[in-house]
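# Fold and geometry: a report
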Amino acid sequence: ITQLIHNHRQIHNMTPASTTKSQACFVCKQPAEQRCSTCSNARYCSTVCQKKDWKMHKMLCKSFADLEPRPGPAFFRAILFPSNEPLPRFVWVE
């Protein structure tokens, strides 16, 4: 799980305590004007990049949309892979 979270952070240029929002495309890191219409978290510069990211993003999109606001500055976002649920989801970890 730790490696998967690390890989996702690298792909999406995220850090555990990051509070700034990147303006870069999740795929190619170019300036991005478009956002996912469901979660508003993923940014893309084009539909080509959005399609490239869909396989990974579709697993996390609903969790992004449903994630409650950060409870405090000591919390960071983590991905939980429940054994009794079909999809991973985001949680806040202190």
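Data block above holds the structure.
Residues numbered from 1 in each chain as written. Predicted model: local features only at pLDDT ≥ 70, side-chain atom pairs only at ≥ 80, totals over all residues. Heavy atoms only, no water.

### Observations concerning the overall build of the protein chain
Secondary structure summary: the protein chain contains two helices and four strands in total. Starting at the N terminus and walking to the C terminus, you meet the elements of the protein chain as α-β-β-α-β-β. Of the contacts formed within the protein chain by residues at least 6 apart in sequence, a portion of 33% connects residues at least 24 apart. Surface exposure of the protein chain reaches about 6,400 Å², of which carbon and sulfur atoms provide 55%. (Helix = DSSP H or I, 4+ residues; strand = E, 2+ residues; numbered from the N terminus. Contact = heavy atoms within 4.5 Å. Areas by Shrake-Rupley, 256 points an atom, 1.4 Å probe, with all protein chains shown as cover.)

### Describing the pattern of salt bridges
According to the stated counting rule, one finds one salt bridge in the structure shown. Salt-bridge contacts for Glu85 lead to Arg89; the nearest nitrogen and oxygen are separated by 3.2 Å. Taking relative accessible area as the criterion, Arg89 reaches 31% and is therefore assigned partly exposed. (Salt bridge = Lys/Arg side-chain N within 4 Å of Asp/Glu carboxyl O. Buried < 20%, exposed > 50% of the residue type's maximum accessible area, 1.4 Å probe, protein only.)

### Some points on the layout of surface pockets
Each pocket or cavity is described by its volume, and for the second largest pocket that value is around 190 Å³. As for the second largest pocket, its lining consists of 14 residues, of which Lys62, Ser63, Asp66, Pro88 and Arg89 are closest to the centre. If you list the elements that add at least two residues to the lining of the second largest pocket, you get helix 2 (47-66) and strand 4 (89-93). Classifying every residue of the lining of the second largest pocket by side-chain character gives eight nonpolar, one polar and five charged. (1 Å grid on protein atoms, 1.4 Å probe; cavity = no way out; pocket = protein on both sides within 12 Å on 5 of 7 lines; lining within 4 Å. Points joined across faces, edges and corners; volume = space filled by probe spheres on them. Nonpolar A, V, L, I, M, F, W, Y, C, P; charged D, E, K, R; others polar.)

### Some points on helix 2
Helical geometry note: an α-helix holds 3.6 residues per turn, so side chains three or four residues apart project in the same direction. Relative to the 28 Å expected for 20 residues at 1.5 Å per residue, helix 2 spans just 24 Å between its end C-alpha atoms, considerably shorter than the ideal helical length. A maximum bend of about 65° is found in helix 2 at Trp54. (Expected span 1.5 Å × (residues − 1). Bend = angle between axes of the 7 residues up to and from the residue.)

### Let's talk about the environment of Phe76
Within the fold, Phe76 resides in strand 3 (residues 76-80). Classification of Phe76 as partly exposed rests on a relative accessible area of 28%. Separated by 16 residues in the primary sequence, Phe76 and Trp92 have C-alpha atoms spaced 5.6 Å apart.

### Re unusual backbone geometry
Look at Lys29: it is not a glycine, yet its phi comes out positive at around 70°. Positionally, Lys29 belongs in the loop between helix 1 (2-12) and strand 1 (34-35). When its relative accessible area of 36% is taken as the criterion, Lys29 is described as partly exposed.

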